[in-house]
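Close look at the chain arrangement
Listed below are the residues making up each chain.
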Amino acid sequence: MAQSFPEDVLVHVFSFLNCDKDRNAVSLVCKSWYDIERSSRRRIFIGNCYAVSPEILIRRFPDVRAVELKGKPHFADFNLVPEGWGGYVYPWVVSMARAYPWLEEIKLKRMVVTDESLELISKSFKNFKVLVLLSCEGFTTDGLAYIAANCRNLRELDLGESEVEDLSGHWLSHFPDNCTSLVSLNISCLVSEVSFSALERLVARSPNLKTLRLNRAVPLEKLPNLLYCAPQLVELGTGVYFAEIQSDIFSNLAEAFLGCKQLKGLSGFWDVVPAYLPAMYSVCSRITSLNLSYATAQNPDLVHFVSQCSNLQRLWVLDYIEDTGLEALAASCKDLQELRVFPSDPYDAEGNVTLTEQGLVAVSEGCPKLQSVLYFCRQMSNAALVTIARNRPNMIRFRLCIIEPRAPDYLTLEPLDTGFGAIVENCKELRRLSMSGLLTDRVFEYIGTHAKKLEMLSIAFAGNSDLGLHHVLSGCESLRKLEIRDCPFGDKALLANATKLETMRSLWMSSCSVSFGACKLLGQKMPRLNVEVINERGPPDSGPESCPVEKLYVYRTIAGPRVDMPGFVWTMDEHVSSRLSRATE
Amino acid sequence: MEGIMSHENDLNLKATELRLGLPGTDEPTSKNNKRAANELVEDSELLKGKSDAKAGDIETAPASKSQIVGWPPVRSYRKNVVQPKKTEAETGNYVKVSMDGAPYLRKIDLKIYKGYQELLKALENMFKLTIGEYSEREGYKGSEYAPAYEDKDGDLMLVGDVPWDMFISTCKRLRIMRGSEATA
């Protein structure tokens, strides 16, 4: 076929395509378009690091500038994935150091990152700009020192909510005096005190700094110094928001905030002293994002502060806000899009705050743009869920956690099937759903029938039989991630929907009733899936084939079984039986 | 544990069981049986909790609540960083102590004393002085020092007039008064 456009023109046209879906579609048109697209793709997103290997990546895309990788399954956040499971970034860094000398960005989520990896990153990529480590672990502040010292053009260093072994705060002082490129710095997860004067000088010489999230160790009295150095900040995470109550500290703080005309986002607020909240009143009306999920302030101080933020779009808060606070929120924050209410005392069965379904209903009524909810509470009713669903058909993410497992509708004592059914039926754009409370197979029937745009579903302590799982796997056309714990789902639904699993990113099932035999069968029949059994108590074949496995993680992959599994993970493929019998010899 | 043991008499565990009480004595079995049912339930819940929960997940939760791994689904840094408002039982009840003429103040935790005697002894030790005997009629006789405190209303009160529990809940700071000021 004659080439109608010169290659340069096609490259130029493709440069306007940023979304992976479009680029993937373009690659399928013909071989020359495939070749042009692959050599011009600069940004890569890999949602499961084991779905592909560094070699395969590099072979197809020779000139990549930004890589985003995700490792452990989501339930790792709740300690369900044992230590040592995997998700190591080092092999990726080694390969990319050779193949992508011009790499600028690395973003990782739930991966194991070592100091060695950080050192290699800092020395291999001359134009390295962005390092984002969300919920990662395995490194120390020594690793950070390499990044600070060697990345001359560093723009972004975001440690997210990573677990860092904090040896000292000295690493921050490794930023050289001629490093003036910082745009975003998030060290909020660190415990150790960094040298304040080093921090102050760093902030002062970073005229492009837009995001600064401090750690708890930065005292409140010193915050004004930083604000004066960076009045252009758009997002601020305070350090500890605690100090002895003194009028000069207050006035310094208030005056410093006055100068921050660009501030849109606030977070931090550890150990908050409510008397100091009014120091921020001058910025409240511009605030669109507010994270008070560490602030142990109570009403009326809490609600008074939140109500000042009339342009709020996102609010993360503890359940100290209570129903009354949420009613006030619904009245004053009409632009609210996202609400997350976290439990102040997750292990107390009764709770000592008055936060019920009423608060969420009020917000769903008063905030027409509300589309994303994460809500921890201790009681729920079908009536409330139906009301919420009818109020907010524009809901996209709905995650409800009723603290007591299998808690029924507290008014009728019935399962919450009808309520969640209303959610999926009314909210036709729903992409993410987490459920809790007493739920039967019926709710899964509703989900399979209505939740056609659902991409991620989290289920716990729910359902009666395999029928529940079957409804979901056979009905949810857009499903990408399914995570299940403590549900009576077994072999039948899984095996009947084996091919569905190839259309999804991953499936997690723990404390369910999937037998070892079924896992073996699935692994043998589906070569493009990695079927991994996690059994900490011993090899899965130590009992009969009908014995349920502890945890199961199934994901599609083009890289074959992984080679870095710890002793408690077995991959189910055609060789599994011989491998297991060899292991016991 | 006694409840479970008493149901397993046929295994003759009684001979080896650990229990409170002198060897050779036997508790009335009817009382045992009545408690047995409740204890069995509590024990099995405790055992379930222990086998389910991993070390990292066991918080300072009441023993009667069994903990499930990873539930509720709250990330661990949220559990650690956000301490619910500590109850009085956990934090100390520190108050400042000033002494007339002393260059700096001290601080003591009222929680650790069981009564006035212990408190006064501690003050005597801390400031190297004698406070004297308290009497309702005459206050503190026999020394030039008198312990006073500032209460919730801001009034200066003599230590010892009110019951100990009332004192520790209303005392905001202590002041050891001296000389002519101290005597009425």
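Calculation criteria
- Residues numbered from 1 in each chain as written.
- Chains lettered and ligands numbered in written order.
- Predicted model: local features only at pLDDT ≥ 70, side-chain atom pairs only at ≥ 80, totals over all residues.
- Heavy atoms only, no water.
- Helix = DSSP H or I, 4+ residues; strand = E, 2+ residues; numbered from the N terminus.
- Buried < 20%, exposed > 50% of the residue type's maximum accessible area, 1.4 Å probe, protein only.
- Contact = heavy atoms within 4.5 Å.
- Areas by Shrake-Rupley, 256 points an atom, 1.4 Å probe, with all protein chains shown as cover.
- Rg over C-alpha atoms; globule rule 2.2 N^0.38 Å.
- Pairing = 2+ DSSP bridges.
- Core = buried A, V, L, I, M, F, W, Y, C linked by side-chain atoms within 4.5 Å.
- pLDDT = per-residue confidence, 0-100.
- Salt bridge = Lys/Arg side-chain N within 4 Å of Asp/Glu carboxyl O.
- Polar contact = N/O pair within 3.5 Å; in protein donor to acceptor, adjacent residues only side chain to side chain.
- Buried area = accessible area lost by both parts, 1.4 Å probe.
- UniProt positions renumbered as here; feature names shortened; annotations may be inferred.

Further remarks concern the overall build of chain B. Check the secondary structure of chain B and you find five helices and seven strands. Ordered by position in the sequence, the α and β elements of chain B form the string α-α-α-β-β-α-β-β-β-β-α-β. Each of the 184 residues in chain B was classed as buried or not, and the buried ones make up 32%. Look at the contacts in chain B between residues 6 or more apart in sequence, and 41% of them connect residues 24 or more apart. Within the structure as shown, chain B displays about 12300 Å² of accessible surface, and the carbon and sulfur contribution to it stands at 54%.

Of the regular secondary structure elements, chain A holds 21 helices and 23 strands. Computed over the C-alpha atoms, the radius of gyration of chain A is 26 Å, within 12% of the 25 Å expected from 2.2 N^0.38 for a compact globule of 585 residues. With the C-alpha coordinates of chain A rotated into their principal frame, the extents come out at 75 × 65 × 60 Å. With 585 residues in all, chain A has 56% of them scored as buried.

Moving on, we come to the pairing of strand S1 (residues 94-99) of chain B. Residues and elements named next belong to chain B. Examined bridge by bridge, S1 and strand S2 (residues 106-109) share four bridges and lie antiparallel to one another. Looking across to S2, one finds that Val97 is bridged to Arg106. Sheet topology places S1 next to strand S7 (residues 173-178); four bridges connect them, and they run parallel. Among the inter-strand pairings, Lys96 is bridged to a residue of S7, identified as Arg173.

On to the nonpolar core, then. Looking at soluble globular proteins, one finds that nonpolar side chains tend to be buried together. With 196 residues, the main nonpolar core has Trp171, Tyr241, Phe257, Leu290, Phe398, Ile447 and Leu482 of chain A as its most contacted residues. If we ignore the near neighbours within four places in the chain, the residues touching Leu482 of chain A are Leu457, Ile459, Leu469, Val472, Leu473, Met504, Ser506, Leu507 and Trp508 of chain A. Ranked by size, the runner-up nonpolar core spans 24 residues in total, among them Tyr116, Phe127, Ile131 and Tyr140 of chain B.

Detailed reading of the predicted coordinates is not advisable wherever pLDDT falls low. Residues and elements named next belong to chain B. Predicted confidence across chain B gives a mean pLDDT of 68, with 54% of residues reaching 70 or more. Counted against residues more than four places away or in other chains, residues 84-88, with its pLDDT under 50, gives eight contacts. Overall fold confidence for the complex sits at a pTM of 0.79, while the interface term, ipTM, reaches 0.90.

Side-chain pairing between opposite charges can occur once the charged atoms of the two side chains come close. Residues and elements named next belong to chain A. Inspection of the entire model under this criterion finds 29 salt bridges over all chains. Salt-bridge contacts for Glu477 lead to Lys452; the nearest nitrogen and oxygen are separated by 3.7 Å. Placement of Glu477 in the loop between helix H18 (466-475) and strand S19 (481-485) and of Lys452 in the loop between helix H17 (441-450) and strand S18 (456-460) is noted, with a sequence separation of 25 residues between them. Here Asp564 makes a salt bridge to Arg562, at a shortest N to O gap of 2.9 Å. Linked by salt bridges that have partners in common, Asp20, Arg23, Glu37, Arg41 and Arg60 make up one network.

Residues and elements named next belong to chain A. For Thr557, the location among the structural elements is in the loop between strand S22 (551-556) and strand S23 (569-571). Residue classification places Thr557 among the buried positions, given a relative accessible area of 7%. From its side chain, Thr557 meets the backbone oxygen of Tyr50 in a polar contact 2.8 Å long. Polar contacts involving the side chain of Thr557 include one to the main-chain carbonyl oxygen of Ala51, which spans 3.2 Å. Once residues within four sequence positions are removed from consideration, Thr557 is found in contact with Tyr50, Ala51, Val52, Arg528, Leu529 and Asn530.

Contacts between chain A and chain B engage 34 residues on the former and 23 residues on the latter. Between chain A and chain B, roughly 2600 Å² of surface is buried when both sides are summed, and carbon and sulfur atoms account for 58% of that area. On inspection of chain A and its partner chain B, the count reaches two salt bridges. Its salt-bridge partner being Asp77 of chain A, residue Arg75 of chain B comes within 3.8 Å of it at the nearest N-O pair. Where chain A touches chain B, the interface holds six residue pairs in polar contact (both at pLDDT 80 or more).

So, about the UniProt feature "domain: F-box" (unreviewed entry) in chain A. With numbering matched to this structure, UniProt assigns "domain: F-box" (unreviewed entry) to residues 5-46 of chain A. Between the first and last C-alpha atoms of residues 5-46 of chain A the distance is 31 Å; the span itself is 62% helix and 10% strand.

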